[in-house]
Amino acid sequence: MKKNEHKYQFTAMPVNLTACMDNNCRSMLFTLLQLSSYYADEDGWFFRSNADLQAQSRLSNKMVIAILSTFHRLGILEVKSVGHSKGTIPNKFRLLTDKFSEWEDIRLEDCVKNPQYHVPLDDYKQRGYIPSYLSSEVQQTSPSTHNIENVENADNTENTNNTQNGENTQNEGKKEENIDTYQGTLGEGDEDDNDGTTPAFRYNVNGLLSQLKEADSWHGWEGILTELDQWIVRAPNTDVEYKIKDELATILTERIAWFKRIYQEGFNSDEEGDFYSQLEEWKEYAELGEGAFSYFKKTHRLLPD
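Residues numbered from 1 in each chain as written. Predicted model: local features only at pLDDT ≥ 70, side-chain atom pairs only at ≥ 80, totals over all residues. Heavy atoms only, no water.

As for the overall build of the protein
Across its full length, the protein holds 11 helices and three strands. Going from N to C terminus, the protein has its helices and strands arranged as α-α-β-α-α-β-β-α-α-α-α-α-α-α. For the protein, the proportion of contacts with a sequence separation of at least 24, taken over those separated by at least 6, is 66%. When the accessible area of the protein is evaluated, it comes to approximately 16,600 Å², of which 45% is carbon and sulfur surface. (Helix = DSSP H or I, 4+ residues; strand = E, 2+ residues; numbered from the N terminus. Contact = heavy atoms within 4.5 Å. Areas by Shrake-Rupley, 256 points an atom, 1.4 Å probe, with all protein chains shown as cover.)

Overview of helix α2 (residues 23–39)
The end-to-end C-alpha distance of α2 is 24 Å, a good match for the 24 Å that 17 residues give at a rise of 1.5 Å each. Of all the positions in α2, only C25, M28, L29, T31, L32, L33, L35 and S36 are classed as buried. Along its buried surface, α2 packs onto α1 (15–19), β1 (46–47), α3 (50–57), α4 (61–74), β2 (77–80) and β3 (92–95). At the N-terminal boundary of α2, the capping side chain belongs to D22, with an oxygen 3.2 Å from the backbone nitrogen of N24. (Expected span 1.5 Å × (residues − 1). Buried < 20%, exposed > 50% of the residue type's maximum accessible area, 1.4 Å probe, protein only. Polar contact = N/O pair within 3.5 Å; in protein donor to acceptor, adjacent residues only side chain to side chain.)

What about the state of the cysteines?
This model, assessed by the stated rule, comprises zero disulfides. Unpaired in terms of disulfides, C111 finds its nearest cysteine sulfur in C20, a separation of 3.5 Å. By relative accessible area, C111 is classed as buried at 0%. (Disulfide = S-S within 2.5 Å.)

Here we look at the sheet that holds β1
Spatial strand order, β1-β3-β2: three strands in an open sheet with antiparallel pairing. Here the strands that pair on one side only, and so sit at the sheet edges, are β1 and β2. Of the pairings in the sheet, the one linking β2 to β3 comprises four bridges and is antiparallel in character. Looking across to β3, one finds that K80 is bridged to K92. (Pairing = 2+ DSSP bridges.)

Observations concerning helix α11 (residues 272–286)
With 15 residues, α11 should cover 21 Å at 1.5 Å per step; its first-to-last C-alpha distance of 21 Å lies within 8% of that length. When α11 is considered as a whole, its buried residues turn out to be F275, Y276, Q278, L279, W282 and A286. End-on view of α11: buried residues confined to an arc of 155 degrees, all on one side of the axis. Where α11 is buried, its residues contact α9 (221–232) and α10 (238–264). (Arc of directions from axis to C-beta.)

Focus: the packing of α2 against α4
Running from N to C, α2 and α4 point in directions that differ by 75 degrees, and their axes come no closer than 10 Å. In terms of their interaxial angle, α2 and α4 are classed as roughly perpendicular. Touching N24, C25, M28, L29 and L32 of α2 are M63, V64, I67, L68 and F71, all from α4. Of the residues that constitute the contact of α2 with α4, the class distribution is nine nonpolar, one polar and no charged. (Axes fitted to C-alpha atoms, helices over the stretch in contact; angles between N-to-C directions. Parallel < 35°, antiparallel > 145°, perpendicular 65-115°, else oblique. Nonpolar A, V, L, I, M, F, W, Y, C, P; charged D, E, K, R; others polar.)

Quick look at the nonpolar core
Among the nonpolar cores identified, the biggest contains 36 residues, and M28, L32, L68 and F71 are the most heavily contacted of them. Put simply, the parts of the chain that give this core at least two residues each are α1, α2, α4, β2 and β3. The greatest single-element share of this core, amounting to eight residues, is contributed by α4. In this structure, F71 is in contact with M21, C25, M28, L29, L32, I76 and L77, ignoring residues within four places of it in sequence. (Core = buried A, V, L, I, M, F, W, Y, C linked by side-chain atoms within 4.5 Å.)

Description of the pairing of β3
Side-chain alternation along β3 places F93 and L95 on a buried face and K92 and R94 on a face that remains uncovered. As judged from the two bridges shared by β1 and β3, these two strands associate in the antiparallel manner. Opposite F47, over in β3, you have K92 as the bridge partner.

Right, here's the structure in full:
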């Protein structure tokens, strides 16, 4: 084998930019670069659901949303929402690799050690957080506009002295609306709908159901269902709870049938055993309560046709 010749696949990473990131951002950047190299069209766009990004990056749902928002704010990622997402859930992406060169003027040692150049992650825990790709007033940043104050703010997301957090703890009446809304905005139009739900509640529940419906991998389902559980227990009445479960059952029935069909046709058949084992595990979860996992109680849904 010739020098510098490799017989394995690899993904080229921008060294300086990567050195300015924390490990979570590095994982997502690698994931996006790898996916882009395989699936991007001639214009650089590729499709991937949020659940797919979670599975491939090994990151949580809220962390994926925050990092996509961070990359969009940096100007290195373009984001679109197509299909059933209704403009809220990103699932189509294009990396702007030309922007990577902006970090090449920084010494590598400074990228690693100087906090001025560290990429600050979006403070997704703040009240009313809106991802940058959903905001019409996003100010994109670059290495020259990063500063220590930004880094300290990003790293101190749970600072109890933070004014906004102080307001949250003092206003118990808003407690339900201030739970982690990974992609929602909670300060706008919180009037109840006829069924007793707030816009924040509907936004998050519909977003999670859409992610579940669009996912082309079942590996991210557990995270989605776990988060959906948190909203089901906060349903304002039983009618809303049953409606969510009915919609969830419809989606899961369709998705499970789809996976059964592709496995029977021989696609990704090596995952078939894992798929049914996972369904059986979720059936055990269902015995613990009546939340999002209760769908899996009926065993006939889990067996191969």
